[in-house]
Amino acid sequence: MQTHHGEPSFHLGTPEVDLSVTARGGHMAPVVFHLSGRDVSPYSLSPWQPSEYPDVPPLLSVLRGDFLCLPFGGQDEGPPHGEAANHGWQEIESNDRSLRLRIACSDTGATVEKSLAIRPGQQAVYLENRISGLAGDFNYGTHPILDFSGISAGRVTTSAIRWASVYPGNFSDPSAGESQALAPGGRFTDLRAVPLADGGITDLSVYPARAGNDDLVMFTHLAATAEQPFAWTAAVLDGYVWFSLKDPADFPSTLLWLSNGGRSAAPWNSRHTARLGIEDVCSHFSDGVNTSRLDLLAHESIPTTRRFQPNEPVSLRNIHAVAAWPAENGAIVTITPMGDCRVRLTGEHGDACDVSLDWKFILE
């Protein structure tokens, strides 16, 4: 165990990646990717120490990086985002290139095994959450939070979407000292043209933006095809790109949590700025399991829960990776497979970069 940003954490170090995972909540950060000639660390560490807020749910005091949410969102019973994002994980196996953790969750009855692995020569993390013993309809999701601090104009793009909307209610509650910029329930087809509450439009593909606001949008990807067997989201940061791959059958939707100082209450204190959550989910926005079970997007053929059987374990897999990407290349417009062990990133100006990656992992 090592202590990082005030929290005891498991550690995995390879020539390609150094990562830490908190024992409480299983939050993955910091993560340092070793690129040629430089190190990069894209995941957020919140601007407070866990010890400053011992009385808030561990989710908030520990908040950083990426973690599993089961169930997703605020809950009528149990902690927000479930015990998996708040309670203690135990190490059950580790070696030079992988780490395996486990948690038994009393709020759902599920046991989750989390595996993190690094492949030789790849600046990537292969993530698996294997869920067993869970019975019934549940929402879930991942929760990567990236830090855009000090970046004037990061670029955010995603694979083709078929449906997209701003959160349909007040995501940021004015009575709690919170502020949002986007129009509740506003529909859109392009991240570059999203409706504002004041009647204008804004570009979510450029970030940070809209200072003093916290907003949430959700978009649903097209189904996978033989030519495009995975869905993706990418963020161009300071001379490099972070990207994630998923199977849209497991994670039909993605949330963007645009957190730029819109929450003034503790622990936020208006200082959680230039953070971006890129959260792959099966959920009704950030709503809890009871709302997600209402199947409010059935008319759009968008699942908001999954039916789990106690004797049928489910593996949820993602890949997070980085690659050098000069700012002049612009935003990523496509990520496509090139054989079984490589993907090609193409930018808006035609520049391309091939990255060694076992993308079939997410489909196994």
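Residues numbered from 1 in each chain as written. Predicted model: local features only at pLDDT ≥ 70, side-chain atom pairs only at ≥ 80, totals over all residues. Heavy atoms only, no water.

Let's talk about the overall build of the chain
Moving on, step 1. Broken down by element type, the chain carries 2 helices and 28 strands.
Moving on, step 2. Computed over the C-alpha atoms, the radius of gyration of the chain is 19 Å, within 12% of the 21 Å expected from 2.2 N^0.38 for a compact globule of 364 residues.
Moving on, step 3. With respect to the principal axes defined by its C-alpha atoms, the chain has extents near 50 × 50 × 40 Å.
Moving on, step 4. Within the span of the chain, comprising 364 residues, buried residues form 56% of the whole.
Moving on, step 5. Considering only residue pairs separated by 6 or more positions, the chain has 62% of its internal contacts joining residues 24 or more positions apart.
Moving on, step 6. Carbon and sulfur atoms provide 48% of the accessible area of the chain, an area that totals close to 13,600 Å². (Helix = DSSP H or I, 4+ residues; strand = E, 2+ residues; numbered from the N terminus. Rg over C-alpha atoms; globule rule 2.2 N^0.38 Å. Buried < 20%, exposed > 50% of the residue type's maximum accessible area, 1.4 Å probe, protein only. Contact = heavy atoms within 4.5 Å. Areas by Shrake-Rupley, 256 points an atom, 1.4 Å probe, with all protein chains shown as cover.)

Things to note about the nonpolar core
The nonpolar side chains of soluble globular proteins are, as a tendency, buried together.
Moving on, step 1. Of all hydrophobic cores here, the largest spans 63 residues; its most connected members are Leu19, Met28, Leu70, Val125 and Phe148.
Moving on, step 2. Sorting elements by how many residues they give to this core places strand β4 (residues 28-35) first, with 5 residues.
Moving on, step 3. Formed by 22 residues, the second largest nonpolar core is a distinct cluster that contains Tyr126, Leu245, Val355 and Leu357. (Core = buried A, V, L, I, M, F, W, Y, C linked by side-chain atoms within 4.5 Å.)

Brief notes about the sheet that holds strand β9 (residues 111-117)
Moving on, step 1. The sheet built from 9 strands is open, its strands ordered β7-β8-β9-β10-β25-β21-β20-β14-β18 with antiparallel pairing. Among the strands making up the open sheet, the edge pair consists of β7 (90-94) and β18 (206-207).
Moving on, step 2. Of the strand pairs in this sheet, strand β20 (residues 231-236) and strand β21 (residues 240-246) are connected by 6 bridges, and their pairing is antiparallel. The residue of β21 that forms the bridge with Thr233 is Ser244. (Pairing = 2+ DSSP bridges.)

Comments concerning the packing of aromatic side chains
Where two aromatic rings form a pair, the distance of their centres and the angle of their planes describe that pair.
Moving on, step 1. Taken as a whole and assessed by the stated rule, the structure comprises 12 aromatic pairs.
Moving on, step 2. Ring centres 6.4 Å apart and planes at 85 degrees place the aromatic pair Trp48 and Tyr53 in the edge-to-face group.
Moving on, step 3. On the basis of relative accessibility, which here comes to 1%, the residue Trp48 falls in the buried class.
Moving on, step 4. By way of ring pairs, the aromatic residues Trp48, Tyr53, Trp257 and Trp268 are connected into one cluster.
Moving on, step 5. The cationic tip of Arg119 hangs over the ring face of Tyr126; the distance from NZ or CZ to the ring centre is 4.0 Å.
Moving on, step 6. Seen from the ring of Trp268, Arg263 lies directly overhead, with NZ or CZ sitting 4.9 Å from the centre. (Phe/Tyr/Trp six-rings, centres within 6.5 Å; stacked < 30°, edge-to-face > 60°. Lys NZ or Arg CZ within 6 Å of the ring centre and 35° of its normal.)

Quick notes on the side chain of Ser20
Moving on, step 1. Within the secondary structure layout, Ser20 lies in strand β3 (residues 17-22).
Moving on, step 2. Side-chain polar atoms of Ser20 contact the side chain of His4, separated by 3.2 Å.
Moving on, step 3. Contact partners of Ser20, with chain neighbours within four places excluded, come to His4, Ser9, Phe10, His11, His27, Met28, Ala29 and Pro30. (Polar contact = N/O pair within 3.5 Å; in protein donor to acceptor, adjacent residues only side chain to side chain.)

Points about the pattern of salt bridges
Moving on, step 1. Scanning the entire structure with this criterion turns up 19 salt bridges.
Moving on, step 2. Between Glu113 and Arg102 there is a salt bridge whose closest N-O contact spans 2.7 Å. Taken as a pair, Glu113 in strand β9 and Arg102 in strand β8 (residues 98-104) lie far apart in primary sequence, 11 residues in all.
Moving on, step 3. A relative accessible area of 35% means that Arg102 is categorised as partly exposed.
Moving on, step 4. Of the charged contacts in the structure, one is a salt bridge between Asp137 and Arg307, with a shortest N-O distance of 2.8 Å. With Asp137 in strand β11 (residues 136-138) and Arg307 in strand β24 (residues 306-308), this residue pair connects regions lying 170 residues apart in the sequence.
Moving on, step 5. Here Arg307 falls in the exposed class, since its relative accessible area comes to 60%. (Salt bridge = Lys/Arg side-chain N within 4 Å of Asp/Glu carboxyl O.)

Concerning the pairing of β8
Both faces of the sheet carry side chains from a regular strand, because those side chains alternate between them.
Moving on, step 1. Of the two faces of β8, only the one carrying Leu99, Leu101 and Ile103 is buried; Ser98, Arg100, Arg102 and Ala104 on the other face are not.
Moving on, step 2. Relative to β8, β7 runs antiparallel, the two being bridged by 4 bridges. Note on β8: the bridge partner recorded for Ser94 is Leu99.
Moving on, step 3. Following β7, the chain reverses through 3 residues before pairing antiparallel with β8.
Moving on, step 4. As paired strands, β8 and β9 are joined by 7 bridges and run antiparallel to one another. When the sheet's bridge partners are listed, Arg102 is paired in β9 with Glu113.
Moving on, step 5. Joining the antiparallel neighbours β8 and β9 is a turn of 6 residues, in which Gly109 adopts a positive phi near 85 degrees.

Observations regarding the environment of Phe33
Moving on, step 1. Tracing the backbone shows Phe33 in strand β4.
Moving on, step 2. Residue Phe33 is classed as buried on the basis of its relative accessible area of 0%.
Moving on, step 3. Remark: the alpha-carbon pair of Phe33 and Arg119, spanning 86 residues in sequence, is separated by 12 Å.
Moving on, step 4. Leave out the neighbours within four places in its chain, and Phe33 touches Glu16, Val17, Arg38, Asp39, Val40, Pro42, Tyr43, Gln123, Ala124, Val125 and Val322.

Focus: the side chain of His284
Moving on, step 1. Tracing the backbone through its elements, the reader meets His284 in the loop between β23 (275-282) and α2 (289-292).
Moving on, step 2. You can call His284 buried: its relative accessible area is 6%.
Moving on, step 3. Once residues within four sequence positions are removed from consideration, His284 is found in contact with Pro168, Thr291, Ser292, Leu296, Leu297 and Thr304.

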